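# Residue-level structure breakdown
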Amino acid sequence: MENKLSKADRTRQFIIETTAGIFNMKGYAGTSMSDITEATGLTKGSIYGNFGNKEDVALAVFDYNHSRVSGIIQQRIQAAKTYHDKLMVYAQVYDQFTRSTFPQGGCPILNTATEADDTNSLLKDRAAKAILKWKKNVQDLIQGGIDAGEFKEGLDHSRLALSIIAMIEGGIMISKVTNSQACLDKIMTTVELLISDMKV
């Protein structure tokens, strides 16, 4: 039986999808209610009828943007045959954060963490949970590679996972502020070398 969304759920989803790029580019503080109403064509009353406040919209938008990136990554990881290739997916996907498959504005984790670290505890918590989940996923892939005999025994899962994440997010940040894809390419090459060095 087809699960159809109610009118309220459809409106809520429309608001999330329509404002996803705005929040990801302007941030929570930079996005006004006028931005939301102008983009959606809805009244403030309609927005507040579906969300308690602007922060609720921002949280839902972060989840939506993050799920889009995660979905792309998981799909490609599942298609990859080796654990080396599965880990390489992170470098390959994030190296193309300016492409149309990525949420408008780039990486939602980086954007949210940079803005909300000292200003919004709820958004900061969302970004922190996303990073910790990412770290666990990378660690699981490293362990899978060790168990399969692809990767060396005795690897420091936590250090390697955090280093991969830090290089990817740092690379995106440097690429954005310098408007240089070449900078990101160089950093992603280092990520790929780090992953390849795990191999037996």
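Residues numbered from 1 in each chain as written. Predicted model: local features only at pLDDT ≥ 70, side-chain atom pairs only at ≥ 80, totals over all residues. Heavy atoms only, no water.

## Some remarks on the overall build of the protein chain
Which entries qualify depends on this criterion: A run of H or I in DSSP counts as a helix once it spans at least four residues, and a run of E counts as a strand once it spans at least two, with each numbered from the N terminus. Residue burial is assigned from relative accessible area. The probe radius is 1.4 Å, only protein chains are included, and a residue is buried under 20% of its type maximum, exposed over 50%, and partly exposed in between. Residues count as neighbours in contact if any of their non-hydrogen atoms are within 4.5 Å of one another. Using a 1.4 Å probe, the Shrake-Rupley method yields the accessible areas, and only the shown protein chains count as cover for residues. Counted as positive: Lys and Arg. Counted as negative: Asp and Glu, with His and the chain ends omitted from the count. For charged residues, the charge sits on one atom: NZ in Lys, CZ in Arg, CG in Asp, CD in Glu.
The number of helices and strands found in the protein chain is 9 helices and 0 strands. Helices and strands appear in the protein chain in the N-to-C order α-α-α-α-α-α-α-α-α. C-alpha atoms of the protein chain, sized along the principal axes, occupy 60 × 50 × 30 Å. Here the protein chain holds 200 residues, and the buried ones make up 42% of them. Long-range contacts, defined as pairs at least 24 residues apart, comprise 67% of the intrachain contacts of the protein chain with a sequence gap of at least 6. For the protein chain, the accessible area works out to roughly 10,700 Å², and carbon and sulfur atoms hold 52% of it. Side-chain charges of the protein chain comprise 23 positive and 23 negative groups, with the mean position of each set lying 4 Å from the other.

## Quick notes on the state of the cysteines
Covalent bonding between the sulfur atoms of two cysteines is what defines a disulfide. Worth spelling out the cut-off: Cysteine sulfur atoms are paired as a disulfide whenever they fall within 2.5 Å.
A complete count under the given rule lists 0 disulfides for this structure. Left unpaired, Cys107 is separated from the closest cysteine sulfur, that of Cys183, by 17 Å.

## Re the environment of Ile195
Note that Ile195 resides in helix α9 (residues 181-196). Beyond its immediate sequence surroundings of up to four residues, Ile195 is in contact with His84, Leu87, Met88 and Ile164.

## Some remarks on the packing of aromatic side chains
Definition in use: Pairing of aromatic side chains here covers Phe, Tyr and the six-membered ring of Trp, requires ring centres within 6.5 Å, and sorts the geometry by plane angle: under 30 degrees stacked, over 60 edge-to-face, intermediate tilted. Criterion for a charge above a ring: Arg CZ or Lys NZ at most 6 Å from the ring centre, at most 35 degrees from the ring normal.
Within this structure, the stated rule accounts for 2 aromatic pairs. Ring centres 5.9 Å apart and planes at 25 degrees place the aromatic pair Tyr90 and Trp134 in the stacked group. Remark: Trp134 occurs in helix α7 (residues 121-147) and Tyr90 occurs in helix α5 (residues 83-94); sequence separation between them is 44 residues. Residue classification places Tyr90 among the buried residues on the basis of a relative accessible area of 3%. Judged by relative accessible area, which is 5%, Trp134 ranks as buried. By the ring-pair criterion, three or more aromatic residues cluster together here, those being Tyr90, Tyr94 and Trp134. The positively charged end of Lys54 is found above the aromatic ring belonging to Tyr28, 4.4 Å away from the centroid.

## Structural notes on helix α4 (residues 54-79)
The α-helix advances 3.6 residues per turn, and as a result positions three or four apart in sequence lie on the same side. Convention followed: Each residue after the first adds 1.5 Å to the expected span of a helix. Here a polar contact is recorded for every N or O atom pair within 3.5 Å, except that within protein the pair must consist of a potential hydrogen donor and a potential acceptor, and residues adjacent in sequence are included only if both atoms are side-chain atoms.
Taking 1.5 Å as the rise per residue, α4 with 26 residues should run 38 Å; its terminal C-alpha atoms sit 38 Å apart, in good agreement. For α4, the side-chain oxygen to backbone nitrogen distance between the N-cap and Glu55 is 3.1 Å, and the N-cap itself is Asn53.

## A look at the pattern of salt bridges
Where we set the bar: The term salt bridge refers to a side-chain nitrogen of Lys or Arg lying within 4 Å of a carboxyl oxygen of Asp or Glu.
As enumerated under the stated definition, the model contains 5 salt bridges in all. Asp63 is the partner of Arg126 in a salt bridge, and the nearest nitrogen-oxygen pair spans 2.9 Å. Pair noted here: Arg126 is in helix α7 and Asp63 is in helix α4, with a separation of 63 residues, a long-range link.

## Some details on unusual backbone geometry
For Asn179, which is not a glycine, the phi torsion comes out positive at approximately 50 degrees. Mapped onto the secondary structure, Asn179 falls in the loop between α8 (157-178) and α9.

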